[in-house]
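What follows is each chain in one-letter form.
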Amino acid sequence: MKFIKKHIPLLIVLVVGVLTLASYYVPNKYSVDYLELMNKWENIVSAFAFLLGLISLFYSHYNKIKRKTDGWGYSLFVYVGFLAMVVPALMNGGRQMVDGQVTSLGWSFRYIYNALSATMFAVLAFYIVSTAYRSFRIKSAQAFVLFVAAFILILGKVPLGQIIWDSVLGWTHTGIDQVIEWIMSVPAVAGKRGIMIGIAIGAVVTSLKIIFGIERQYMGRD
Amino acid sequence: MTEPWMIAGAWLAAGLTIFLFSFLYRDNPFFKIAEHLYLGAGMGWWFQVYMFNIWKPKVWEPLMAHQWGVIIPAVLGLSLVTQFIPKISWLSRYGFTFLMGYGAGLAVPAGLSTDFMNQIAGTIRPFSALASMTPFAIFNSLLIALGVVCVLFYFFFSVEHKGSVKKVSNVGIYFLMVYFGAAFGNTVMARFSLLYGRFDDLASFSSRGSFYATQIILAVMVLYFLVTGFTKKPQQGEEEAH
């Protein structure tokens with residue numbers, strides 16, 4: 001039983017991982033076909049992984065409603081929201097537009113999902129500003145550098161900031177857009193490259209540990 | 001969609017937008033309704049995306065055409081759902097290990113070529129064309145190279161950070177701070193552009209054609225907060241505080 005429960009899954013990781021890795025470095029018809037097939041398979045398995053999350057969410061809210069816990073009524077709206085997207089999708093075969101006309105799915109997407117998701121992320125703007133106010137206390141030279149970089153980026157992207165920059169530092173004959181471009185393409189790139197190189201080394205090492213079965217936390221408990 | 005549907009949509013979108021914004025004042029039932037609706041609508045949206053882009057064309061239709069090969073990924077995918085049945089939850093390992101193996105196999109070349117080799121190449125390449133570069137471009141290339149080395153020193157923990165290593169890694173922190181500041185600034189502006197978009201939509205829903213949806217819903221929300229503000233009994237903690 002241990003063979004079926006533990007060794008076969010580890011063998012799957014090893015075989016799929018090594019073949020995928022090798023396919024990248026051994027370009028021929030078979031490796032291209034293999035990568036194409038695996039990509040298709042991965043799409044299918046990932047779609048079922050979504051189902052795992054969906055069932056988990058529904059189960060959790062079903063339990064809230066069943067046990068009538070605090071705020072159980074709100075859980076009903078999870079199902080309402082779900083049906084508000086899925087029913088129109090089934091009616092229109094997943095199409096938002098038919099013959100230039102917005103379908104009921106397009107309507108649901110625009111007036112429900114898009115309105116909600118855009119607002120949810122827009123609300124974060126207020127929290128980011130509030131966090132910035134608290135975290136941008138300039139206590140060190142490094143914090144000052146962080147503040148200046150963020151300030152210039154924010155200032156330069158609004159017309160008022162450009163007007164202020166031109167009236168105060170116009171004599172330098174350097175526009176704030178040029179300063180932003182320089183920050184983004186020189187010092188910020190240096191910082192980003194260091195991080196990316198570090199991430200790459202970490203990702204490669206972790207991937208190799210997964211392929212060779214050294215890292216196996218994702219397998220869960222026995 | 002007919003005109004009445006568009007008006008109904010305007011009212012719905014204006015309502016949901018204002019309900020979510022109302023959280024900025026304080027938590028309230030309208031926000032919670034919109035929050036839960038968002039959760040469900042998000043899942044519903046992705047469910048139909050997967051249904052019409054993956055399950056139907058890549059699983060159902062091939063099966064109907066007797067292409068039995070898709071049974072393998074479908075079974076691997078279905079094995080994930082066994083997580084909910086403790087007795088056979090170990091079966092889900094088959095699906096997970098496939099995803100992990102494929103992901104890890106792809107991550108190695110992607111990490112090496114895109115994030116590792118390309119970044120180093122991008123740092124070094126300008127020095128092969130120094131003769132054709134302006135003094136300012138040479139300065140920029142040197143600054144990037146210096147920054148990358150200093151940042152790498154900051155992340156290098158195999159030697160103790162003291163003496164000259166500490167000095168170099170401290171310079172690296174400045175480059176990191178510039179990057180974090182720039183990334184933060186960009187994030188703030190991205191969020192604000194979304195905010196402008198929402199305000200723009202609210203403004204368009206406030207027109208006569210939408211039967212003043214924004215103003216009416218906003219007025220109702222203000223009324224709600226006024227009424228609950230006056231009638232709400234103070235909480236136990238609040239009483240003690242007073």
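Residues numbered from 1 in each chain as written. Chains lettered and ligands numbered in written order. Predicted model: local features only at pLDDT ≥ 70, side-chain atom pairs only at ≥ 80, totals over all residues.

This brings us to the overall build of chain B. When its secondary structure is counted, chain B shows eight helices and zero strands. If you list the helices and strands of chain B from N to C, you get α-α-α-α-α-α-α-α. Taken against the 2.2 N^0.38 rule, which gives 18 Å for 242 residues, the C-alpha radius of gyration of chain B at 29 Å runs more than 25% over that of a compact globule. For chain B, the spread of C-alpha atoms along the three principal axes comes to 70 × 65 × 50 Å. Counting over 242 residues, chain B shows a buried share of 35%. Taking as baseline every contact in chain B between residues at least 6 positions apart, the subset at least 24 positions apart corresponds to 31%. (Helix = DSSP H or I, 4+ residues; strand = E, 2+ residues; numbered from the N terminus. Rg over C-alpha atoms; globule rule 2.2 N^0.38 Å. Buried ≥ 20, exposed ≤ 12 C-beta atoms within 10 Å, placed from the backbone. Contact = placed C-beta atoms within 7 Å.)

Glancing now at the domain arrangement of chain A. All names here are of chain A. Here the domain parsing of chain A yields domain 1 (1-69) and domain 2 (71-123). Its C-alpha centre places domain 1 at a distance of 28 Å from the equivalent point of domain 2. Facing the five residues of domain 1 at the interface are four residues of domain 2. Of the residues belonging to the side of domain 1 that touches domain 2, the class tally is one nonpolar, two polar and two charged. (Domains from an automatic or database assignment. Nonpolar A, V, L, I, M, F, W, Y, C, P; charged D, E, K, R; others polar.)

All names here are of chain B. If you check the backbone angles, His-66 has positive phi at about 60° while not being a glycine. Considering the arrangement of structural elements, one finds His-66 in the loop between helix H2 (29-64) and helix H3 (71-81). Using a count of 6 C-beta atoms within 10 Å as the deciding quantity, one classes His-66 as exposed. Its identity is not glycine, yet Tyr-212 carries a phi of approximately 55°, on the positive side. Structurally, the position occupied by Tyr-212 is in the loop between helix H6 (164-205) and helix H7 (213-231). A tally of 17 C-beta atoms within 10 Å means that Tyr-212 is categorised as partly exposed.

Before going further, it helps to spend a moment on the nonpolar core. Of all hydrophobic cores here, the largest spans 40 residues; its most connected members are A:Leu116, B:Leu16, B:Ala34 and B:Ala41. At the level of secondary structure, the elements contributing two or more residues to this core comprise helix H3 (72-92) and helix H4 (104-135) of chain A together with helix H1 (3-21), H2, H6 and H7 of chain B. With eleven residues, the top contributor of residues to this core is H4(A). Not counting residues within four places of it along the chain, the set of residues in contact with A:Leu116 comprises B:Leu16, B:Leu20, B:Ala34, B:Leu37, B:Tyr38 and B:Ala41. Counting residues in each nonpolar core, the second largest holds 30 residues, with A:Val13, A:Trp41, B:Val59 and B:Met100 among its members. (Core = buried A, V, L, I, M, F, W, Y, C linked by C-beta atoms within 7 Å.)

Attention now goes to the interface of chain A and chain B. On the side of chain B, 98 residues touch chain A, which itself brings 99 residues to the contact. For the side of chain A that touches chain B, the secondary-structure elements that each account for two or more residues are helix H1 (2-25), helix H2 (29-67), H3, strand E2 (101-102), H4, helix H5 (141-156), helix H7 (176-185) and helix H8 (187-211) of chain A. Residue contributions to the side of chain A that touches chain B peak at 20 residues, all from H8(A). Classifying every residue of the side of chain A that touches chain B by side-chain character gives 75 nonpolar, 17 polar and seven charged.

Taking 1.5 Å of rise per residue, 19 residues should cover 27 Å, and H1(B) covers 27 Å from first to last C-alpha, within 8% of that figure. Buried within H1(B) we find B:Gly9, B:Ala10, B:Ala13, B:Ala14, B:Gly15, B:Leu16, B:Thr17, B:Ile18, B:Phe19, B:Leu20 and B:Phe21. Next to the buried residues of H1(B) lie H4 of chain A together with H2, H6 and H7 of chain B. (Expected span 1.5 Å × (residues − 1).)

Helix-helix packing is characterised by the crossing angle of the two axes and by the distance between the axes. Close contact between H2(A) and H3(B) brings their axes to 8 Å; oriented N to C, the two are set at 20°. The angle between H2(A) and H3(B) falls in the class roughly parallel. For H2(A) against H3(B), the interelement crossing comes out right-handed. Between H2(A) and H3(B), the residues in contact are A:Trp41, A:Ile44, A:Val45, A:Ala47, A:Phe48, A:Ala49, A:Leu51, A:Leu52 and A:Ile55 and B:Pro73, B:Ala74, B:Leu76, B:Gly77, B:Leu78, B:Leu80 and B:Val81, respectively. For the contact of H2(A) with H3(B), the class distribution of residues is 15 nonpolar, one polar and no charged. (Axes fitted to C-alpha atoms, helices over the stretch in contact; angles between N-to-C directions. Parallel < 35°, antiparallel > 145°, perpendicular 65-115°, else oblique. Left-handed = near helix turned anticlockwise from the far one by under 90°.)

All names here are of chain B. Here Gly-77 shows up in helix H3. Take Gly-77: there are 28 C-beta atoms within 10 Å of it, and that puts it in the buried class. Sequence-wise, Gly-77 and Tyr-94 are 17 residues apart; in three dimensions their C-alpha atoms are separated by 8.7 Å.

At a closest axis distance of 10 Å, the pairing of H4(A) and H2(B) adopts a crossing angle of 115°. When you trace H4(A) past H2(B), the crossing you get is left-handed. For the pair H4(A) and H2(B), contact is made by A:Phe109, A:Ile112, A:Tyr113, A:Leu116, A:Ser117 and A:Met120 and by B:Ala34, B:Leu37, B:Tyr38, B:Ala41, B:Gly42 and B:Trp45, respectively.

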